[in-house]
Amino acid sequence: MQHGTRDEQHEQHEQHEQHGRHEHQHQHQHQHQHQHHDSRPADRSAHAGHSTLAPDKAGWPMAARATLHCLTGCAIGEILGMVIGTAFGWGNAETMALAIILAFAFGYTLTLRSILKAGVDFRTAFRVALAADTLSIAVMELIDNGVIALWPGAMDAQLADALFWGALALSLTVAFVVTTPVNKWMIGRGRGHAVVHRYHH
């Protein structure tokens, strides 16, 4: 009888241990599922944060602002080049070359200034300005000078002539219209002024 009792006690003890192990496994499984469930919102937040770093969506207003920014620098450079060329009595080719060089210089300078205000070091800011404005200014200068070259008498017009200012105004307007889609295309791919835009956020 005692032997049978010991067997029963031993069997009950094993059943109790198995039940305890089962409860522990169930508890561990529940905790793991709970942790996995809790991590989902964090994953979603991380994903949402990552999405904010995606390239800027191209929009016409942003492209127009970027083009206007370049246009301002180009206009300053071109007018200054024309004034200097006329004052020194240079020919059309020399004056136009100086105007183009100054257009690039002032275009880069305006962008460089805005990036430096964001606290970026000069070397990085200079690289960003080159990447952001080179294509935009190049297209703008090509269109701008192309219109002036094709306009009868515009190349020989002096600063005091209405033809000079009329041709310049029209050429800059055409350059703006043509360059804006170029900037929109670049911004849509995270290039051009999309790079500059990131330094202001």
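Residues numbered from 1 in each chain as written. Predicted model: local features only at pLDDT ≥ 70, side-chain atom pairs only at ≥ 80, totals over all residues. Heavy atoms only, no water.

Colleague: It is not clear to me how a nonpolar patch on the surface should be interpreted in this structure. Could you clarify?
Modeller: Judged by side-chain polarity, Leu 116, Phe 122, Phe 126 and Leu 130 come together as a nonpolar surface patch covering roughly 350 Å² of accessible area. Per element, the largest residue contribution to the nonpolar patch is three residues, and it comes from helix H4 (residues 122-150). Take Leu 116: it is sitting in helix H3 (residues 92-116). Its relative accessible area of 34% is what places Leu 116 among the partly exposed residues. (Patch = residues over 30% accessible without salt bridge, like charges linked within 9 Å, V, L, I, M, F, W, Y side chains within 5 Å. Areas by Shrake-Rupley, 256 points an atom, 1.4 Å probe, with all protein chains shown as cover. Salt bridge = Lys/Arg side-chain N within 4 Å of Asp/Glu carboxyl O. Helix = DSSP H or I, 4+ residues; strand = E, 2+ residues; numbered from the N terminus. Buried < 20%, exposed > 50% of the residue type's maximum accessible area, 1.4 Å probe, protein only.)

Colleague: Before we go on, may I ask you to explain the packing of H4 against helix H5 (residues 162-188) in this structure?
Modeller: Geometry of a packed helix pair, given as the angle between the helix axes and the separation of the axes. Packing of H4 against H5 brings their axes to within 8 Å, and their N-to-C directions diverge by 145 degrees. Helix-helix and strand crossings are classified by hand; for H4 and H5 the assignment is right-handed. Where H4 abuts H5, its residues Ala 131, Ala 132, Leu 135, Ser 136, Val 139, Met 140, Ile 143, Asp 144, Val 147 and Ile 148 lie against Ala 167, Leu 168, Ser 171, Leu 172, Val 174, Ala 175, Val 178, Thr 179, Val 182, Asn 183 and Met 186. For the contact of H4 with H5, a count of residues per class yields 16 nonpolar, four polar and one charged. (Axes fitted to C-alpha atoms, helices over the stretch in contact; angles between N-to-C directions. Left-handed = near helix turned anticlockwise from the far one by under 90°. Contact = heavy atoms within 4.5 Å. Nonpolar A, V, L, I, M, F, W, Y, C, P; charged D, E, K, R; others polar.)

Colleague: Before we go on, may I ask you to explain the side chain of Thr 179 in this structure?
Modeller: Note that Thr 179 resides in helix H5. A relative accessible area of 0% places Thr 179 in the buried class. If we skip the residues at most four places from it in the chain, Thr 179 touches Thr 67, Ser 136, Val 139 and Met 140.

Colleague: Even after reading the chapter, I still don't get the nonpolar core, so can you show me in this structure?
Modeller: Across soluble globular proteins, nonpolar side chains show a tendency to be buried alongside one another. Grouped together as the largest cluster of nonpolar side chains are 17 residues, with contacts concentrated most on Cys 74, Ile 137, Met 140, Phe 164, Leu 168 and Leu 172. Counting only elements with at least two residues in this core, the list comes to helix H2 (60-87), H3, H4 and H5. Apart from residues no more than four positions distant in its own chain, Ile 137 is found in contact with Cys 70, Cys 74, Ala 103, Phe 104, Gly 107 and Tyr 108. Membership of the second largest hydrophobic core comes to five residues, among which are Leu 112, Val 120, Ala 125 and Val 128. (Core = buried A, V, L, I, M, F, W, Y, C linked by side-chain atoms within 4.5 Å.)

Colleague: How should I be thinking about H3 in this particular structure?
Modeller: Along an α-helix, residues three or four positions apart point the same way, because every turn accommodates 3.6 residues. Here H3 is 25 residues long and its end C-alpha atoms lie 36 Å apart, about the 36 Å a rise of 1.5 Å per residue gives. Where H3 is concerned, the buried positions are Thr 95, Met 96, Leu 98, Ala 99, Leu 102, Ala 103, Gly 107, Tyr 108, Thr 111, Leu 112, Ser 114 and Ile 115. (Expected span 1.5 Å × (residues − 1).)

Colleague: Mind showing me how you'd approach H5 here?
Modeller: Between the first and last C-alpha of H5 there are 39 Å, a value that for 27 residues agrees with the 39 Å anticipated at 1.5 Å per step. If you look at H5, its biggest bend is around 30 degrees, right at Thr 179, and the proline Pro 181 turns up within four residues after that. Where H5 is concerned, the buried positions are Phe 164, Ala 167, Leu 168, Ser 171, Leu 172, Ala 175, Thr 179, Thr 180, Asn 183, Met 186 and Ile 187. Of the residues trailing H5, Gly 190 is marked for its positive phi of about 75 degrees. (Bend = angle between axes of the 7 residues up to and from the residue.)

Colleague: I would appreciate a short explanation of the packing of aromatic side chains in the present structure.
Modeller: Aromatic ring pairs are defined here through the distance separating the ring centres and the angle between the ring planes. Summed over the entire model, instances satisfying the criterion amount to four aromatic pairs. Look at Phe 104 and Tyr 108: their rings are 6.0 Å apart centre to centre, the planes differ by 50 degrees, and that puts the pair in the tilted class. Here Phe 104 pairs with Tyr 108, and both are found in helix H3, just four residues apart, close to one helical turn. For Tyr 108, a relative accessible area of 16% corresponds to the buried category. (Phe/Tyr/Trp six-rings, centres within 6.5 Å; stacked < 30°, edge-to-face > 60°.)

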